[in-house]
Amino acid sequence: MAAGAVSIIGVPTDVGAGKAGARMGPDALRVAGIDRAIARFGVEVVDRGNLSGPNNPELSAIDGFRHLPEVVAWNRSVHDAVRAELASEHLPIVLGGDHCLAIGSISAVARHCRESGRRLQVLWLDAHADFNTAILTPTGNLHGMPVACLCGHGPPLLTGIGGTVPAMLPSEIRQIGVRSVDQGEKSFLAEIGIEVFDMRYVDEVGMRATMEQALAGVGPETHLHLSLDADFLDPEIAPGVSTPVRGGPTYREAQLCMEMIADTGRLCSLDLVEVNPAFDRQNMTAVLLVDLVESLFRKSILMRLHQ
């Protein structure tokens, strides 16, 4: 890992989602023992508690966006919290909450990279591309728009949170595990040039080859950010999500993703989002995410021969 300490930031909101429940995600991850799991590796863990923000008003979309003022408020708080941890040379872990929170998180990371001269690379592990806009969206839910917003395609109140528009370039993100994309969103992704390794690609070439391509170019000057949506995983092993999509990565495929990320030694920030305990079974989704986080901190079943 590329930081001396880990800071946990809870963000208990589902204002960007279509279904309530992700607001309980941070507590579910804490119950699953995320702090203890990381601390076992000799890493200092500081739990900053939960950020506060507006409640979910559960209103209809206005001009193509649901709950825009509330989403802006939460993401500004996330931006400031993540930026402060990076300035302290801590590795921030954002516990969501829905995936709209990545707007604030990655805006802060991108800002930190600009100021420190680091090269940004984002891995977006998700069943969805999250590249909708007010025109393309069928729902108005902003958790389906964070990648578009980060690339400068969204309301200025969100695209400008990090001080520069766009917060990141399409070439700085790799999407893995995608298997549910709206038709207009699909065309827009192709037009903008986002690199997407969808599940068909993973099926055809395997997860190892996929991750090798996704991690190509990661080096000593790279700040690697992982934004992990729980619905990236197959719902058979991770049912506690608001928008499940069958045909996702298996347990071992997901573990390989984490292990290969860990092997780079360049992970510097992390989002864990969209855990929805309202749809879970005995907290198994949060427990699984904590297991994956352990692999990010180099847990292994067997000692590798070269170590």
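If you're wondering where the values come from, they're calculated on a predicted model, not measured in any experiment. In this numbering scheme, every chain counts its residues from 1 along its sequence in written order. The predicted origin of the model limits local features to residues at a pLDDT of at least 70 and limits the giving and counting of side-chain atom pairs to 80 or more, whereas totals for whole chains, interfaces and linings rest on all residues. Side-chain figures throughout are based on the complete set of non-hydrogen atoms in the structure, without hydrogens or water.

Draft legend 1. Geometry of the sheet that holds strand β6 (residues 195-198). Any two strands with at least two DSSP bridges between them are considered paired. Only DSSP runs of H or I with at least four residues qualify as helices, and only runs of E with at least two residues qualify as strands; both kinds are numbered from the N terminus onward. Taken together, the eight strands give an open sheet; going across it, the order is β2-β1-β3-β8-β7-β4-β5-β6, and neighbouring strands pair in parallel fashion. The strands lining the two open edges of the sheet, one partner per strand, are β2 (44-50) and β6. Ignoring strand direction, the axes of neighbouring strands in this sheet form an average angle of 15°. Of the strand pairs in this sheet, strand β1 (residues 5-11) and β2 are connected by five bridges, and their pairing is parallel. All axes are obtained by fitting lines to C-alpha atoms, using only the stretch in contact for helices, and the reported angles, taken between N-to-C directions, cover 0 to 180 degrees.

Draft legend 2. Molecular detail of the side chain of Asp229. In this fold, Asp229 is placed in strand β7 (residues 222-229). The buried charged residue Asp229 lacks any salt bridge partner; its closest oppositely charged side chain belongs to Arg179, at an N-O distance of 8.2 Å. Any two residues whose heavy atoms approach within 4.5 Å are treated as being in contact. For Asp229, the residues in contact, after removing those within four places along its chain, are His99, Leu125, Asp126, Val273 and Glu274. For every residue, the accessible area (1.4 Å probe, protein chains only) is compared with the maximum for its type, and the residue is labelled buried under 20%, exposed over 50%, or partly exposed between those bounds. In summary, the charge assignment counts Lys and Arg as positive and Asp and Glu as negative, without counting His or the chain termini. Only one rule defines a salt bridge in this text: a Lys or Arg side-chain nitrogen within 4 Å of an Asp or Glu carboxyl oxygen.

Draft legend 3. A look at the nonpolar core. Judged by nonpolar contacts, the single largest core of 46 residues is most densely connected at Leu123, Leu125, Ile176, Met211, Leu226, Leu228 and Leu272. Among buried residues, those of type Ala, Val, Leu, Ile, Met, Phe, Trp, Tyr and Cys that are joined through side-chain atoms within 4.5 Å constitute a nonpolar core. Formed by 43 residues, the second largest nonpolar core is a distinct cluster that contains Ile9, Val82, Cys113 and Ile161.

Draft legend 4. The packing of helix α9 (residues 207-214) against helix α10 (residues 251-264), seen in detail. Two numbers describe how α9 lies on α10: the axes approach to 10 Å, and their chain directions differ by 35°. Between α9 and α10 lies a crossing of right-handed hand. Side by side, α9 and α10 meet where Met207, Arg208, Met211 and Glu212 of the first sit next to Glu253, Leu256, Cys257, Met260 and Ile261 of the second. When residue character is reported, Ala, Val, Leu, Ile, Met, Phe, Trp, Tyr, Cys and Pro are called nonpolar, Asp, Glu, Lys and Arg charged, and the others, Gly included, polar. In terms of residue class, the contact of α9 with α10 is built from six nonpolar, no polar and three charged. Rotating anticlockwise by less than a right angle from the far helix to the near helix defines a left-handed crossing, while the corresponding clockwise rotation defines a right-handed one.

Draft legend 5. Broad picture of helix α3 (residues 68-87). Expected helix span is taken as 1.5 Å per residue step, with the number of steps being one fewer than the number of residues. Taking 1.5 Å as the rise per residue, α3 with 20 residues should run 28 Å; its terminal C-alpha atoms sit 28 Å apart, in good agreement. Among all positions in α3, only Leu68, Glu70, Val71, Val72, Trp74, Asn75, Val78, His79, Ala81, Val82, Glu85 and Leu86 are buried. Glu89 lies just past α3 and shows a positive phi near 65°.

Draft legend 6. A look at the confidence of the model for the chain. Here the chain shows a mean pLDDT of 95. Residues at 70 or above account for 96%. Note on residues 301-307: pLDDT under 50 across the span, and two contacts to partners over four residues away in sequence or across chains. Known as pLDDT, the predictor's per-residue confidence is scaled from 0 to 100.

Draft legend 7. Region of interest: the pairing of strand β4 (residues 119-125). With respect to burial, β4 is a largely interior element, six of its seven residues being buried. Across four bridges, the pairing between β4 and strand β5 (residues 173-178) is parallel. The partner of Leu125 across the bridge, within β5, is Ile176.

Draft legend 8. A look at the pattern of salt bridges. Counted by the stated rule, this structure contains 14 salt bridges. With a closest N to O distance of 3.2 Å, Glu212 and Arg208 form a salt bridge. Here the residue Glu212 and the residue Arg208 both occupy positions in helix α9, the gap between them amounting to four residues, near one helical turn. Looking at Glu212, the relative accessible area reads 43%, which means it is partly exposed. Classification of Arg208 as exposed rests on a relative accessible area of 56%. Here Arg252 and Glu259 are joined by a salt bridge, their closest N and O atoms 3.3 Å apart.

Draft legend 9. Structural view of unusual backbone geometry. Backbone torsion omega between Gly96 and Gly97 reads 20°, so that peptide bond is classified as cis. Residue Pro166 follows Val165 across a cis peptide bond; omega there is -5°. Its place among the elements puts Pro166 in the loop between α6 (156-159) and β5. Not every positive phi belongs to a glycine, and Glu58 is a case in point at roughly 50°. Although it is not a glycine, Asn283 adopts a positive phi angle of roughly 60°. Here Asn283 shows up in the loop between β8 (267-273) and α11 (284-296). On the basis of relative accessible area, Asn283 is assigned to the buried category, the value being 19%.

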